[in-house]
Amino acid sequence: MEMDKRDLVQYFVVNQDLKMSTGKTAAQVAHAATLSTINLMSSQSPFHEKHDDFVEWVQSGMKKIILKGKQTELEKLEKRGFFSIRDSGLTEVKSGSLTVIALPPMVKSEAKEIVGHLTLLKN
């Protein structure tokens, strides 16, 4: 029996106020992807209700969208409990800088209510 295809996406929001290089940005998003995946696989995940979405998302190609946001926007998302990456300060940004927020994979329409006002990170 074939399931209806749902548009499951994981969104990442990059802190545009930090002016990170492309490589630094890629590394920070990779940290967020790794951390969120490990967390979502755990039975202790704060997003345990998203576990079935996570499994379906993995099986359907792990669609990701990278957005840009200002520091204040990332702080709001962090306060809501989404996965946050804070830099160790070894290279481009100061220690503790909030670089990326990752949402758990979810239906695109649900995510749009949270981050739909943000724009794509293009370069």
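Structure: above.
Treat the numbers as computed from the prediction; the structure is a model and nothing was measured.

**Some remarks on the overall build of the protein chain**
Scanning the protein chain from N- to C-terminus turns up 4 helices and 6 strands. Tracing the protein chain from N to C terminus, the helices and strands come up as β-α-α-β-α-β-β-β-α-β. Rg of the C-alpha trace for the protein chain: 14 Å, near the compact-globule value of 14 Å for 123 residues, within the 12% margin. Here the C-alpha coordinates of the protein chain stretch approximately 50 × 30 × 25 Å along the principal axes. The proportion of buried residues among the 123 residues of the protein chain is 40%. When contacts within the protein chain are restricted to residue pairs at least 6 apart in sequence, long-range pairs at least 24 apart make up 74% of them. For the protein chain, the computed accessible surface area is about 7,300 Å², with 55% contributed by carbon and sulfur atoms. Considering the protein chain, the positive charge centre built from 17 side chains and the negative charge centre built from 15 side chains are found 8 Å apart.

**Describing the layout of surface pockets**
When its volume is computed, the largest pocket comes out at roughly 210 Å³. Every residue lining the largest pocket is listed: Val 14, Asn 15, Gln 16, Lys 19, Met 20, Ser 21, Thr 22, Thr 25, Lys 68, Leu 121 and Asn 123. Contributions of two or more residues to the lining of the largest pocket are made by strand E1 (8-15) and helix H1 (22-41).

**Thoughts on unusual backbone geometry**
Phi at Lys 19 is positive, roughly 55°, even though this residue is not glycine. With respect to the secondary-structure elements, Lys 19 resides in the loop between E1 and H1. Phi angles above zero are rare outside glycine, and Met 62 is one such case at about 55°. When you line up the elements, Met 62 lands in the loop between helix H2 (51-59) and strand E2 (64-69). Classification of Met 62 as partly exposed rests on a relative accessible area of 37%.

**Quick word on H2**
An α-helix turns once every 3.6 residues. As a result, residues three or four positions apart point the same way. Turning to H2, its buried residues are Asp 53, Phe 54, Glu 56 and Trp 57. The buried residues of H2 occupy an angular sector of 170° when projected down its axis, which confines them to one face. Exposed side chains of H2 directed beyond 90 degrees from the buried face belong to Asp 52 and Gln 59. The first or second residue beyond H2 is Gly 61, which carries a positive phi of 110°.

**Considerations on helix H4 (residues 108-115)**
Those residues of H4 lying buried are Ala 111, Ile 114 and Val 115. One side of H4 carries all its buried residues, which in axial view fall inside an arc of 75°. Seen from the open side of H4, the exposed residues pointing more than 90 degrees away from its buried face are Ser 109 and Glu 113. Elements in contact with the buried residues of H4: E1, E2, helix H3 (71-79) and strand E5 (106-107).

Procedures and definitions
Residues numbered from 1 in each chain as written. Predicted model: local features only at pLDDT ≥ 70, side-chain atom pairs only at ≥ 80, totals over all residues. Heavy atoms only, no water. Helix = DSSP H or I, 4+ residues; strand = E, 2+ residues; numbered from the N terminus. Rg over C-alpha atoms; globule rule 2.2 N^0.38 Å. Buried < 20%, exposed > 50% of the residue type's maximum accessible area, 1.4 Å probe, protein only. Contact = heavy atoms within 4.5 Å. Areas by Shrake-Rupley, 256 points an atom, 1.4 Å probe, with all protein chains shown as cover. Lys, Arg positive; Asp, Glu negative; His and termini not counted. Charge placed at Lys NZ, Arg CZ, Asp CG, Glu CD. 1 Å grid on protein atoms, 1.4 Å probe; cavity = no way out; pocket = protein on both sides within 12 Å on 5 of 7 lines; lining within 4 Å. Points joined across faces, edges and corners; volume = space filled by probe spheres on them. Arc of directions from axis to C-beta.

These figures capture arrangement, not role.
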